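Each chain is listed here by its residues.
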Amino acid sequence: MQMEIKILRSGRKTLSLEITKEAKVLVRAPYQMKESEIEDFIQEKSDWIAEHLEIIQGKLAERAAVPRMSMEEVHKLADEAVRVLPGKAAYYAPIAGVTYGRITIRNQRTRWGSCSGKGNLNFNCLLMLAPEEVQDYVVVHELCHRLEMNHSPEFWKEVERVLPDYRTAKQWLKEHGDELMGRIS
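Residues numbered from 1 in each chain as written. Predicted model: local features only at pLDDT ≥ 70, side-chain atom pairs only at ≥ 80, totals over all residues. Heavy atoms only, no water.

What follows covers the pairing of strand 6 (residues 121-124). A regular strand places its side chains so that they alternate between the two faces of the sheet. By the alternation rule, side chains of strand 6 split into Leu121 and Phe123 and Asn122 and Asn124, which are all buried. Both strand 4 (residues 103-106) and strand 6 contribute to a ladder of four bridges, which runs parallel. Bridge pairing in strand 6 links Arg106 to Asn124. What sits between strand 5 (residues 113-115) and strand 6 in their antiparallel hairpin is a turn of five residues, with Gly119 showing a positive phi close to 90°. (Buried < 20%, exposed > 50% of the residue type's maximum accessible area, 1.4 Å probe, protein only. Helix = DSSP H or I, 4+ residues; strand = E, 2+ residues; numbered from the N terminus. Pairing = 2+ DSSP bridges.)

Structure (C-alpha cells):
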C-alpha cells in the first residue's frame, strides 16, 4: 500500500506515530535520529498503519455519505437546544452541587460541550440529534468540570455520582458522534 507519511522533527527523545482524523500519517522524530532508523520504525509499524488507515478511511467515507444539514435546519436545532439544555443544566446543577454562569449554544465541529474557568457552559446544538440520555450526559459532564477542571479519576467519580450509567451515553457518543458532527459542513 502506497501512503504519504509526514515526518516532523523536534527536540523530543523518542519516535511516535499518529494517524489523524483526516487519515494523514505523522511520524514525530528527534532532530538527531538517522533517516534509516525512522524508515525502520515505519516499516516495523506498517501493518498497524495500514489497519488504522483503513478504519479511519472507512469513517471518512461514512461521514461523507451522511446528508448535510441546511443552515435553516442548524438554526432550528440551536433554537431547540436553547429551549432544552438550560433546563437540563438547571435540573442537574443542584444534584452535582455546583452553580454555573451563562449557557451558550454553538454549532461546533469538534466538541459537544465545554466549561470555562468562569463557569460558563457551551453546548453543541447537534446534541439535539442525540438521545436524551446523551444530552443529559454531556450536560452533567460539563457541570462536573465546575468541581474538577480535568478528566481525572475524581472527575469521573463526580460524573458517576450524578449519572451512574454515564458510560452508556459516553459510548454512544464514541460510536455515533462522528456521524452527527458530519451533518454540518
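All right, on to the sheet that holds strand 2 (residues 16-19) then. Reading across the sheet, the three strands line up as 1-3-2 and stay open at both edges, with mixed pairing between neighbours. Bordering the open sheet on either side are strand 1 (5-10) and strand 2, each of which pairs with just one other strand. Each adjacent strand pair in this sheet contributes to an overall mean axis angle of 25°, direction not counted. Bridge count for strand 2 against strand 3 (residues 25-30) is four bridges, and the pairing is antiparallel. By the bridge assignment, Glu18 is partnered in strand 3 with Leu26. Sitting on the sheet, helix 1 (residues 35-44) touches strand 1, strand 2 and strand 3, and the angle it makes with strand 1 is about 130°. (Axes fitted to C-alpha atoms, helices over the stretch in contact; angles between N-to-C directions. Contact = heavy atoms within 4.5 Å.)

Running from amino to carboxyl end, helix 4 (residues 132-144) crosses helix 6 (residues 166-181) at an angle of 105°, the nearest separation of the two axes being 9 Å. Here helix 6 runs roughly perpendicular to helix 4, going by the angle between their axes. Taking contact as the criterion, the partners of Glu133, Val134, Tyr137 and Val138 in helix 4 are, on helix 6, Tyr166, Ala169, Lys170, Trp172 and Leu173. Looking at side-chain class alone, the contact of helix 4 with helix 6 contains seven nonpolar, no polar and two charged residues. (Parallel < 35°, antiparallel > 145°, perpendicular 65-115°, else oblique. Nonpolar A, V, L, I, M, F, W, Y, C, P; charged D, E, K, R; others polar.)

Take the side chain of His145 next. Among the structural elements, His145 can be located in the loop between helix 4 and helix 5 (153-162). In terms of polar contacts, His145 uses its side chain to reach the backbone carbonyl oxygen of Glu148, at 3.0 Å. When sequence neighbours within four positions are dropped, the list of residues in contact with His145 reads Cys115, Asn150, His151 and Phe155. (Polar contact = N/O pair within 3.5 Å; in protein donor to acceptor, adjacent residues only side chain to side chain.)

Right, let's get into the packing of aromatic side chains. Considering all chains together, one arrives at four aromatic pairs under this definition. For the pair Tyr137 and Tyr166, a centre-to-centre distance of 6.2 Å together with 15° between the ring planes defines the contact as stacked. Of this pair, Tyr137 sits in helix 4 while Tyr166 sits in helix 6, and the two are 29 residues apart along the sequence. One exposure class covers both Tyr137 and Tyr166, and it is buried. Their ring planes at 80° and their centres at 4.9 Å tell us that Phe155 and Trp156 sit as a pair that is edge-to-face. For the pair Phe155 and Trp156, a shared accessibility class is recorded, and that class is buried. (Phe/Tyr/Trp six-rings, centres within 6.5 Å; stacked < 30°, edge-to-face > 60°.)

Of all the bends in helix 6, the greatest measures close to 50° and is centred on Glu175. Among all positions of helix 6, only Tyr166, Ala169, Leu173, Gly177, Leu180 and Met181 are buried. Among the structural elements, helix 2 (46-65), strand 6, helix 4 and helix 5 are those in contact with the buried residues of helix 6. (Bend = angle between axes of the 7 residues up to and from the residue.)

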